[in-house]
Amino acid sequence: MNVQRHILGRLLVIRLSSIGDVVLTTPILRSIRAALPTVELHLLVKPAMADGVRHIPHLTRLHTLAPRLADTVDALRAVGFDHVIDLQGSLRSRRIVSALGAPSSGFSKENWAKYRMVHRWLPGAPVQGVDHIVTRYAPALAPLGIALDAGGLGQAVPRGRGREPAVGVVVPEREAVDGTARERAVGLVHPPRDQRVD
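In what follows, the accompanying structure is described.

## Some words on the pattern of salt bridges
Next up, step 1: Scanning the model with the defined rule gives six salt bridges in all.
Next up, step 2: Across the salt bridge formed by Glu40 and Arg10, the nearest N and O atoms sit 3.1 Å from each other. A residue pair is termed long-range when its members are at least 10 positions apart, and Glu40 in strand S2 (residues 40-45) and Arg10 in strand S1 (residues 10-14) qualify at 30 residues.
Next up, step 3: A relative accessible area of 29% places Glu40 in the partly exposed class.
Next up, step 4: Note on Arg10: relative accessible area 31%, which makes it partly exposed.
Next up, step 5: For the salt bridge of Asp74 with Arg77, the shortest nitrogen-to-oxygen distance reads 3.8 Å. With a gap of three residues between them, Asp74 and Arg77 both fall in helix H4 (residues 69-79), about one helical turn apart.
Next up, step 6: Assessed through its relative accessible area of 45%, Asp74 is described here as partly exposed.

## Some points on the packing of H4 against helix H5 (residues 91-100)
Next up, step 1: Taken N-terminus to C-terminus, the directions of H4 and H5 make an angle of 40 degrees; their axes are 10 Å apart at the nearest point. Relative to H5, H4 is oriented oblique. When the axes of H4 and H5 are compared, the crossing they make is right-handed. Across the interface between the two elements, Leu69, Val73, Leu76 and Arg77 of H4 pack against Arg92, Arg95, Ile96, Ala99 and Leu100 of H5.
Next up, step 2: Within the contact of H4 with H5, the residues separate by chemical class into six nonpolar, no polar and three charged.

## With respect to the pairing of S1
Next up, step 1: Where burial is concerned, most of S1 is hidden: four out of the five residues are buried.
Next up, step 2: Bridge count for S1 against S2 is five bridges, and the pairing is parallel. Following the sheet pairing, Arg10 is matched in S2 by Glu40.
Next up, step 3: Both S1 and strand S4 (residues 83-86) contribute to a ladder of four bridges, which runs parallel. Across the sheet, Ile14 pairs through a bridge with Asp86, a residue of S4.

Reading guide: rules and limits
- Residues numbered from 1 in each chain as written.
- Predicted model: local features only at pLDDT ≥ 70, side-chain atom pairs only at ≥ 80, totals over all residues.
- Heavy atoms only, no water.
- Salt bridge = Lys/Arg side-chain N within 4 Å of Asp/Glu carboxyl O.
- Helix = DSSP H or I, 4+ residues; strand = E, 2+ residues; numbered from the N terminus.
- Buried < 20%, exposed > 50% of the residue type's maximum accessible area, 1.4 Å probe, protein only.
- Axes fitted to C-alpha atoms, helices over the stretch in contact; angles between N-to-C directions.
- Parallel < 35°, antiparallel > 145°, perpendicular 65-115°, else oblique.
- Left-handed = near helix turned anticlockwise from the far one by under 90°.
- Contact = heavy atoms within 4.5 Å.
- Nonpolar A, V, L, I, M, F, W, Y, C, P; charged D, E, K, R; others polar.
- Pairing = 2+ DSSP bridges.

Shape is all these values report; function is a separate question.
In structure tokens:
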């Protein structure tokens with residue numbers, strides 16, 4: 001199904017988690033923005049992922065998943081999307097897409113191929129490689145007539161205070177809940193004086 005690009009006013013991209021995969025949506029968002037400079041480009045993520053993508057300049061609006069799925073769907077319905085790109089491919093994201101009722105596209109997670117590659121399930125069989133996640137995301141753009149650009153990965157980080165450079169540390173979601181993640185991350189950026197290399 002090819003969508004006529006000139007009728008797209010609002011586009012939603014869904015990638016709920018995890019932080020690495022959410023950040024890897026940046027080439028997709030940049031490609032959409034380059035091809036459709038006037039489209040309202042929205043991204044839906046879990047609340048814990050929001051700070052990692054909040055400053056992406058290609059986005060019009062960032063949405064976070066509410067505790068109740070129905071609340072998320074209601075909020076997204078109120079916006080009204082012309083097309084939804086599901087880069088999560090989970091039961092939850094498919095439920096959101098279905099409830100919104102807008103035309104949609106997605107990608108192949110290649111779970112079986114990944115499983116076979118990791119576990120070498122068939123002894124003696126050649127191991128087939130699995131494409132990088134960004135490459136696997138690209139077919140989700142095809143119905144819009146958009147090709148993935150060659151710009152690589154990118155991430156927007158807000159400027160530091162004054163003239164000092166900003167340093168961004170993204171803590172995996174599982175680590176963020178144990179309470180020591182912040183201290184460990186700060187230790188990476190500002191190690192104790194006796195451990196610094198000058």
